[in-house]
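Residues per chain, in single letters:
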2 protein chains.
Amino acid sequence: MYGRYTQELVLLSLNPFCVFFQMYGRYTQELVLLSLNPFCMFFQMYGRYTQELGAYAKEEAARLREEGVRRRSVTERSRSLELLENDKGCCAKCRTQKWMYVNLESNVFLQYLAWVTYPVVLITFSAGFTQLLAPQAVGSGIPEIKTILRGVVLKECLTFKTFVAKVIGLTCALGSGMPLGKESPFVHIASLGAALLCKFMSLFGGIYENESRNIELLSVACAVGVSCVFAAPIGGLLFSIEAMSTFFTVRNYWRGFFAATVTAFMYRVLAVWNRDEVTITALLPTNFRQDFPFDLQELPAFAVLGIASGLGGALFVCLNRQIVQLIRNQKTIKKFLMKKRLLYPALVTLLVSTITFPPGFGQFMAAKLTQMESLETLLDNQTWSKQGIPEEFDSNSHSQAWKHPQVNVFVTLTLFVVMKFWMSALAMTMPVPCGAFMPVFVIGAAFGRLVGESMAAWFPDGVHSDGTIYPIEPGVYAAVGAAALSGAVTHTVSTAVVVFELTGQISHILPVMIAVILANAVAQSLQPSLYDSLIMIKKLPYLPELGWGHHEYYNIRVEDIMIRDVMYITLNCCYRDLHDVLLTGHLKTLALLESSESMILLGSIERAQIQALLSLQLGRPRRLKYLRDRATAEKRLSVVSHPGSEDGSTMVNQETSLSSTPTPSMKPLKPALKRPSVVDCPTEIPMPTSKKWEENQLDEQVNFDNCMIDPAPIQLVENTSLHKTHTIFSLLGLDHAYVTSIGRLIGVVSLKELQKAIEGSVAVKGVNVRPPLASFRDSGTSGTIMNNENKARDLHKLWNRRKLMSLPQEHRASDSDEKSK
Amino acid sequence: MYGRYTQELVLLSLNPFCVFFQMYGRYTQELVLLSLNPFCMFFQMYGRYTQELGAYAKEEAARLREEGVRRRSVTERSRSLELLENDKGCCAKCRTQKWMYVNLESNVFLQYLAWVTYPVVLITFSAGFTQLLAPQAVGSGIPEIKTILRGVVLKECLTFKTFVAKVIGLTCALGSGMPLGKESPFVHIASLGAALLCKFMSLFGGIYENESRNIELLSVACAVGVSCVFAAPIGGLLFSIEAMSTFFTVRNYWRGFFAATVTAFMYRVLAVWNRDEVTITALLPTNFRQDFPFDLQELPAFAVLGIASGLGGALFVCLNRQIVQLIRNQKTIKKFLMKKRLLYPALVTLLVSTITFPPGFGQFMAAKLTQMESLETLLDNQTWSKQGIPEEFDSNSHSQAWKHPQVNVFVTLTLFVVMKFWMSALAMTMPVPCGAFMPVFVIGAAFGRLVGESMAAWFPDGVHSDGTIYPIEPGVYAAVGAAALSGAVTHTVSTAVVVFELTGQISHILPVMIAVILANAVAQSLQPSLYDSLIMIKKLPYLPELGWGHHEYYNIRVEDIMIRDVMYITLNCCYRDLHDVLLTGHLKTLALLESSESMILLGSIERAQIQALLSLQLGRPRRLKYLRDRATAEKRLSVVSHPGSEDGSTMVNQETSLSSTPTPSMKPLKPALKRPSVVDCPTEIPMPTSKKWEENQLDEQVNFDNCMIDPAPIQLVENTSLHKTHTIFSLLGLDHAYVTSIGRLIGVVSLKELQKAIEGSVAVKGVNVRPPLASFRDSGTSGTIMNNENKARDLHKLWNRRKLMSLPQEHRASDSDEKSK
């Protein structure tokens, strides 16, 4: 079984493109992008084959047991013979399924065990392995990548460990047959590949040392990840842009197209070389009518499908979050699960497998089909509800799974949609690497099919009023539903393009676009996107999107949300001030002001720099030097008073004991010692110190000479609107920005305040949010005047200070004299 | 003829979507987007019908003359009879053409006159009308929109006058049948529509007053413009993003999709309501093989086609620029053309029409087909080179135009490509509203067809090695060629998507993508895009793209390109300084510093604000007040010396004469008076002034109280890389940025410097560009240290100043005392 893809691996490693581009030196970055492809492809294939392996194992078990059963129950055989005879040409899957029907009464428990054990073991292994190796690999990965692309550094997310955990965990999770997706984990894997390649390339120096370049590469990697799942280069790129970025560099667009096309090409060309296909076609080619793709009168049905999908998408996101919060908030459940971490995924898998057990409830929801098979059957261009002629179904044997002898196709479709809906939302919460796109896509297709079949049953001769009969094609509705529901869940419209590329048909572009747009409009006004919801659940530092239509964002100003008591240091401060300032505040950087009177912002200094300054001042070398100096001085003294009696060593001991006893004057240093990172040396090596020396050191003026200062931190004005602030923060990937008024620092806004202001949580400690007031404030002339007055006041202050300052200088005195005349 | 589309107009005005969205108050912006559609649609239709009208007129003229000829030349009739009999079922166009063949010898001059006069008159009218009403309407419009989206204000480009000129000019230009495009003018028209609607909506207040909102709307309008030409919503949006923006707000993406979809829907639904189509399909639906779209062995041919298209695209851009520069630089031509502005377009039109005259040279290049007809025939899925069975061509009669009895199809295709190539490049230079996308698209399709026909002739049984014969479809090559050449000329890859939506088939996605990517790679490394080239020709203030692979952008720093002597004003300056500073420099804003010693940047003030300050100080009210005061004072004096002898009136006259005589002390004001905008009042109304009073006024300290100050201008640091600077400039749409070092202003970088640095023109007056040095400078540790030293020096300066300043204050003296101990 596994031997089948060694051929592809060899072909991949021979990748002729790599050779071509290696020669062409300028394309070094593109080369990296290219080398991502084998990764993705390999895991894409691997996942598929593991899935097949699972199916194969089940089937083999079934076959063996079938033989056993045949030997044992010869008496029963006569009854099942005619059924078994019928399926000569049918695929192995169907035979297993039919056999299951036949042997229902005899051996159902063994079957159930085989059906359930396999996924439970795989999922438990996946969860355990991921947990042990790299817990960051759990879940979708898109939320993390989105946060990283936003500019936040999540170091653990892009390590080799995470890569291994993600790949192996995902393979097992997909192989289990649970309703889990592979799209977003693939994005994570591609990003991991990109990040690791960047690290590798940076060994050779050059452009890969550049941080922003690496982020550009990451965003291209996302496109590769998506496009390789559906063999959809354009849709993949667009989806990755929509789902991942707030602002997109058009410069990168070309690169994304290139990488995504090569990925899709390689993926599909392997199918040709593997003799699965004659030439490169779409992944799931459909055969819808081209000359008359749909009737204009069908458009309302598509619109309804879109709106319903929008509601469904919002419900899915909500349901998923509710499940997570239920588990989190219920203390009994939480405590229990914290103890037995692997129990939760095992239980969920057990539940889902039990329900989908084909001889049990699974028979009513085509549970024995894999996701891709379900999708293939749902996009079928036959109509099922006609109770059609048997020949129609021989050609696509999987469609049989939707036909139940007792229950009609509407019931199976409805059951499929409803059951898969909550199962996917539940399965998503398991701590394994998994996504949600693919299950949602399939659910959407099933829902669309349901609507399509209903339409076909309602209008058996089509809706066209002219002479020609154009029957309704439920497959088109399935395609529309898939695009609409997945678009609604992810808040993207490019799922439409994914559908076109997946099916290889674009003639039904308008229904798809209309449904996707309506689904997005509905879903976006009800819930955040799935990825934003996951970001909230994971509490990642992220800036929420400004919803559209909220004009109040233009009325809220920075002064309404900024923190007014900013931690700052001045140019003439002493080390004690540095020390005090380090103990408070949470921002990574501190403002450097000219003086506390002028409040003029000169730049910002990182916390680490200040710690370094302090360490330098209070650190070992200076202490030793001081002690040496004092020792010399005392020696000189002792030479005078007690010549030759003592050297410095005993005194050093004395000093040590002195410093270890708590003294009241040491208090300001105490909290610092609790924080190991503030000043390292005193705690690490209990150096001989004197209280007086330390105090003196702290009272010295800071020497900023060797300090890295960011001389141009981003500044806002107090009346910058929330909308503009959001734009600036997202464009530049800021963590915080200072608010100044004509050079004077008056406040600071960090991501946290912005996040809270957008989410509308008004009662924040230390933050003065007043949107209700802000919205009533007239933004017209009076506001401007008030503002001008403020500015004038500020200027006056500056001017007064200036006058004070200019007193020693005489050259402008005549002006002011003349003015006062 | 014109009555045909009144129906559509009525339907449009009833636009049911508008009603729906009007109810839904939140969608106000979407409503505006929506209302754009009727505009576009109307002009789209209008252009089409005008073209048809032109064809109709020609045909009518031909028919009348034909009748005349028939009456006159009964003897000749017998010879032409059998030819005329054959075309009963053929379209009117073909009849005209055949008639032309028949009557070649008798009346060729009259035919020629009819063929030539019509376009010459239309183009001349278009050029004249545009020139008179709004010269900004000339040309494509995309360069201007691109510049506006970049943040530069081009006021004249978005006025109602321009709108009218563009619409009427474009209609005439398209009607002339010259090889001109309508895509980019449509973008301009849609943007104009958006801007005018914004202006209209801002009458009602609300969000439309917001500048950034309007720019968002503009970028959506571009998508509407493109998508309405090809009925391609996705391709239109993507093309507009690629061609127009540097950074794209993903927030806007949804809006663009919405607007573009509604446009495409409305445009296509009109065809259905008009009974042209049964249902909504693609604009030019093709019928390529779906099950086996192409063979893998054809891929090298597609790659070659892509590379050749890339070269062709670069050549086209280059040729177009060369023609413009030839005309500009040749003084004789320029002088002649400046006198007779309308002569140039008339001459070009005459030349092009003469060459395309169907009975003349035009017969070898299918000149009688319109652009859309040519495209339709080129995308035909029949093979022409087989010299196929006559029945094949009856179905698509236009294809006949490519068959010449004496010359084979390869020659006509080659001639078409070569002739149209230079004709389009030449026609683009005419001063009429026109684009180049459509002609380039058609040329690309013809070139692709040529390659396809060659392939089909070379491999008559296809290239597939297995048993089945899959013949080569030259139509696929035409589609690939169209996408590749138009992509190469515009430097976009989304032309691929345009092709899919235009043809309604996506199964040949990989060949198209490969060719487009290769074409882009070749064209981008040779020439700028057509739109960037036009921007250069028009000398618009634009930031060129950073090409990829140029790592030197990371090594050039802001300090290498910044201007060091910045114009600034200080907080304690007098009005004379303001006055002086206004006379120099070109930037729109001036830096406001704390003082010229500290150089601390407090903010920036717009030039207009300073003019206002000066006007206030030297303006009429203050002069009058001064005169009144002085009159009162002198009256009091004169009451003492000459009681009742004179009042103020004669003295006022005397003052006037005084101020009008040039005095040496007035010199600094003189240039100001030449610039009418600096200080208005003194020139407008020659007010009675005294030299002394003015001098005193100018020596007064400036009161900035009522002045609008931007307190947080964007600041860079001296070692910001060129790459980062470019990113910041394009992200924030800056015109200039100040370079500061720990609060101290040390330089300024404007768009101009950046532009020059990127384009590599090193020898700029006043700009210290040294990329060669910069590239040799090691960016490692030594650079950082040097930089730290600089910073340290700066800090020392600040510190010294601070010490001086702190002399009057005593509270830190103890610290420094302790330090000096």
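Just so we're clear, the structure is a prediction, and the values are computed from it rather than from any experiment.

Rules behind the numbers
- Residues numbered from 1 in each chain as written.
- Chains lettered and ligands numbered in written order.
- Predicted model: local features only at pLDDT ≥ 70, side-chain atom pairs only at ≥ 80, totals over all residues.
- Heavy atoms only, no water.
- Pairing = 2+ DSSP bridges.
- Helix = DSSP H or I, 4+ residues; strand = E, 2+ residues; numbered from the N terminus.
- Patch = residues over 30% accessible without salt bridge, like charges linked within 9 Å, V, L, I, M, F, W, Y side chains within 5 Å.
- Areas by Shrake-Rupley, 256 points an atom, 1.4 Å probe, with all protein chains shown as cover.
- Salt bridge = Lys/Arg side-chain N within 4 Å of Asp/Glu carboxyl O.
- 1 Å grid on protein atoms, 1.4 Å probe; cavity = no way out; pocket = protein on both sides within 12 Å on 5 of 7 lines; lining within 4 Å.
- Points joined across faces, edges and corners; volume = space filled by probe spheres on them.
- Nonpolar A, V, L, I, M, F, W, Y, C, P; charged D, E, K, R; others polar.
- Lys, Arg positive; Asp, Glu negative; His and termini not counted.
- Charge placed at Lys NZ, Arg CZ, Asp CG, Glu CD.
- Buried < 20%, exposed > 50% of the residue type's maximum accessible area, 1.4 Å probe, protein only.
- Phe/Tyr/Trp six-rings, centres within 6.5 Å; stacked < 30°, edge-to-face > 60°.
- Core = buried A, V, L, I, M, F, W, Y, C linked by side-chain atoms within 4.5 Å.
- Contact = heavy atoms within 4.5 Å.

### Remarks on the sheet that holds strand β5 (residues 709-710) of chain B
All names here are of chain B. The mixed open sheet is built from four strands, whose spatial order is β2-β3-β4-β5. Looking at which strands have only one partner, the edges of the open sheet turn out to be β2 (568-570) and β5. Pairing analysis gives five bridges linking strand β3 (residues 589-593) to strand β4 (residues 601-606), with the strands arranged antiparallel. Residue Leu592 lies in a different strand from β4, and its bridge partner there is Gly603.

### Section: a nonpolar patch on the surface
Together, A:Val108, A:Phe109, A:Leu110 and A:Leu113 make up a nonpolar patch on the protein surface, roughly 350 Å² of accessible area in all. Relative to the helices and strands, A:Phe109 is located in helix α6 (residues 104-133).

### Examining empty space enclosed by the protein
Size it by volume and the second largest cavity reaches roughly 150 Å³. Around the second largest cavity sit 16 residues that line it, and A:Ile509, B:Ala231, B:Thr281, B:Ala282 and B:Glu501 are the ones nearest its centre. Those elements giving two or more residues to the lining of the second largest cavity turn out to be α22 (509-526) of chain A together with α12 (250-273) of chain B. For the lining of the second largest cavity, the element with the most residues is α12(B), which contributes three residues. Residue classes in the lining of the second largest cavity are distributed as eleven nonpolar, three polar and two charged.

### Concerning a positive patch on the surface
All names here are of chain A. Taken together, the side chains of Arg328, Lys331, Lys334, Lys335, Lys339, Lys340 and Lys539 present a region of like positive charge at the surface. Of all the elements, helix α14 (residues 331-339) adds the most residues to the positive patch, at four residues. As for its placement among the helices and strands, Lys339 is situated in helix α14. For Lys339, a relative accessible area of 69% corresponds to the exposed category.

### Quick notes on the environment of A:Gly452
Structurally, A:Gly452 is set in helix α19 (residues 437-458). A sequence separation of 147 residues divides A:Gly452 from A:Leu305, and the C-alpha atoms of the two residues are 9.4 Å apart.

### Concerning the packing of aromatic side chains
Residues and elements named next belong to chain A. According to the stated counting rule, one finds 34 aromatic pairs over all chains in the structure shown. For the pair Phe292 and Tyr470, a centre-to-centre distance of 3.7 Å together with 5° between the ring planes defines the contact as stacked. One end of the pair, Phe292, is in the loop between α12 (250-273) and α13 (299-329); the other, Tyr470, is in the loop between α19 and α20 (474-490), and 178 residues separate them in sequence. An angle of 25° between the planes, with centres 5.7 Å apart, marks the rings of Trp384 and Trp402 as stacked. Highlighted residues: Trp384 in the loop between α16 (371-378) and α17 (390-394) and Trp402 in the loop between α17 and α18 (409-427), separated in sequence by 18 residues. The pair formed by Trp384 and Trp402 is uniform in burial state, with each residue classed as buried. Ring pairing ties together the aromatic residues Phe230, Phe239, Phe437 and Phe441, which thus form one cluster.

### What about the nonpolar core?
A:Ile234 and B:Ile234 are the most contacted members of the largest nonpolar core, which totals 320 residues. Those residues in contact with B:Ile234 that sit more than four places away from it in its chain are A:Leu238, A:Val497, A:Phe500, A:Ile509, A:Met513, B:Phe257, B:Val497 and B:Glu501. Membership of the second largest hydrophobic core comes to 42 residues, among which are A:Cys573, B:Tyr575, B:Leu618 and B:Leu698.

### Quick word on the environment of B:Asn520
For B:Asn520, the location among the structural elements is in helix α22 (residues 509-526). For the pair B:Asn520 and B:Ile307, spaced 213 residues apart in the sequence, the C-alpha separation amounts to 8.4 Å. In this structure, B:Asn520 is in contact with A:Trp254, B:Gly487, B:His491, B:Thr492 and B:Val493, ignoring residues within four places of it in sequence.

### Overview of the pattern of salt bridges
All names here are of chain B. One pass over the structure, following the stated rule, counts eight salt bridges over all chains. A salt bridge links Lys538 to Glu144; the shortest N-O distance between them is 2.7 Å. Taken as a pair, Lys538 in helix α23 (residues 530-538) and Glu144 in helix α7 (residues 142-149) lie far apart in primary sequence, 394 residues in all. Residues Lys625 and Asp629 are paired through a salt bridge, measuring 3.7 Å at the closest nitrogen-oxygen approach. Residue Lys625 and its partner Asp629 are both found in helix α27 (residues 620-641); the two are separated by four residues, about one turn of the helix. Lys625 gets classed as partly exposed once you look at its relative accessible area, which sits at 49%.

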